[in-house]
Amino acid sequence: MEHELKEVIKICDTAIKKEDFDTLMNYYSDDAILVVKPGRIARGKEEIKQAFISIAAYFKNSLVPAQGEMVILKAGDTALVLSQTLLQADKEETEFSMDRRATYVFKRNAQGAWLCVIDNSYGTDLIDSPAL
C-alpha cells in the first residue's frame, strides 16, 4: 500500500511538472479539496484543475514538485500522507516556502484506486494562517 501511494504521488508530481492537468484530475475524488494557498481552497475537480493552471502561470510554467521524506498512516480505505514537499521553479520570489511539510488524505475507491480527497501542501502551517 505504501508503495502504491508513493507511486500515485509521483505520477501526480510528474503531471504537475508536465502541466498535464487532465491526467492529474484522474487522481482526485469528485469532492476533493485543494489548499491553493492559506485562505483559499479549490473544491471539486473543475476548480482544482483551474487552480493548478493558475499555479503553473504564477510559477512561470516552471514548477517542479518532488517529495522528500514521507510517512503514510493507513486506516482501512483511508490514508494520511505526511510528506516533505520540495518545490522548484524559475520564479525568484514567492510568498510561501518552497520546502513544505504537506498533509494529503487519500481514499481508496470501489475500483481499488487511491484518490486524493484533501491536498494540503502547507500542512500544519495553516494553523497560523487566516481562516479558510
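Structural data are supplied above this passage.
Thresholds applied
Residues numbered from 1 in each chain as written. Predicted model: local features only at pLDDT ≥ 70, side-chain atom pairs only at ≥ 80, totals over all residues. Heavy atoms only, no water. Salt bridge = Lys/Arg side-chain N within 4 Å of Asp/Glu carboxyl O. Helix = DSSP H or I, 4+ residues; strand = E, 2+ residues; numbered from the N terminus. Buried < 20%, exposed > 50% of the residue type's maximum accessible area, 1.4 Å probe, protein only. 1 Å grid on protein atoms, 1.4 Å probe; cavity = no way out; pocket = protein on both sides within 12 Å on 5 of 7 lines; lining within 4 Å. Points joined across faces, edges and corners; volume = space filled by probe spheres on them. Nonpolar A, V, L, I, M, F, W, Y, C, P; charged D, E, K, R; others polar. Patch = residues over 30% accessible without salt bridge, like charges linked within 9 Å, V, L, I, M, F, W, Y side chains within 5 Å. Areas by Shrake-Rupley, 256 points an atom, 1.4 Å probe, with all protein chains shown as cover. Pairing = 2+ DSSP bridges.

Describing the pattern of salt bridges
In the structure shown here, the tally under the stated rule is 4 salt bridges. Its salt-bridge partner being Arg-108, residue Glu-4 comes within 3.7 Å of it at the nearest N-O pair. One end of the pair, Glu-4, is in helix α1 (residues 2–18); the other, Arg-108, is in strand β5 (residues 99–108), and 104 residues separate them in sequence. Of the residues examined, Glu-4 reaches a relative accessible area of 36% and is grouped as partly exposed. Residue classification places Arg-108 among the partly exposed residues on the basis of a relative accessible area of 22%. Here Asp-77 ties to Arg-108 by a salt bridge, and the two come within 3.9 Å at their closest N and O atoms. Here Asp-77 is found in the loop between β3 (64–75) and β4 (78–88), whereas its partner Arg-108 is found in strand β5, with 31 residues between them in sequence. With relative accessibility at 41%, the residue Asp-77 sits in the partly exposed group. Linked through salt bridges whose partners overlap, the residues forming this network are Glu-4, Asp-77 and Arg-108.

Some thoughts on empty space enclosed by the protein
One pass over the full model with this rule turns up 1 cavity of 30 Å³ or more. Of the pockets and cavities examined, the largest cavity occupies roughly 40 Å³. Contributing to the lining of the largest cavity are Ile-16, Glu-19, Phe-21, Phe-52, Ile-55, Ala-56, Asn-61, Ser-62 and Leu-63. Element by element, the count of residues in the lining of the largest cavity is highest for helix α3 (residues 44–58), at 3 residues. Here the residues of the lining of the largest cavity are counted per class, giving 6 nonpolar, 2 polar and 1 charged.

What to know about a nonpolar patch on the surface
Taken together, the side chains of Val-71, Leu-73, Leu-80 and Leu-82 define a hydrophobic patch exposed on the protein surface, amounting to about 300 Å² of accessible area. For the nonpolar patch, the secondary-structure elements that each account for two or more residues are β3 and β4. Along the chain, Leu-73 turns up in strand β3.

Quick look at the layout of surface pockets
Its boundaries defined by the atoms lining it, the largest pocket holds a volume of some 580 Å³. Around the largest pocket, the lining is made up of 32 residues, and of these Val-36, Phe-52, Ile-55, Arg-100 and Ser-121 lie nearest the centre. Among the secondary structure elements, those contributing two or more residues to the lining of the largest pocket are α1, β1 (28–37), α3, β3, β4, β5 and β6 (114–120). In the lining of the largest pocket, the residues fall into 21 nonpolar, 5 polar and 6 charged.

Looking at the pairing of β1
Judged by how many residues are buried, β1 sits mostly within the fold: 7 of 10 residues are covered. Pairing geometry for β1 and β6, over 3 bridges, is parallel. Pairing of Leu-34 across the sheet is with Asp-119, part of β6. By the bridge criterion, 4 bridges tie β1 to strand β2 (residues 40–43) in an arrangement that is antiparallel. Considered in β2, the bridge of Leu-34 is made with Ala-42. Where β1 hands over to β2, the hairpin turn is made up of 2 residues, of which Gly-39 adopts a positive phi near 95 degrees.

Remember, this is a structural readout, not a statement about activity or role.
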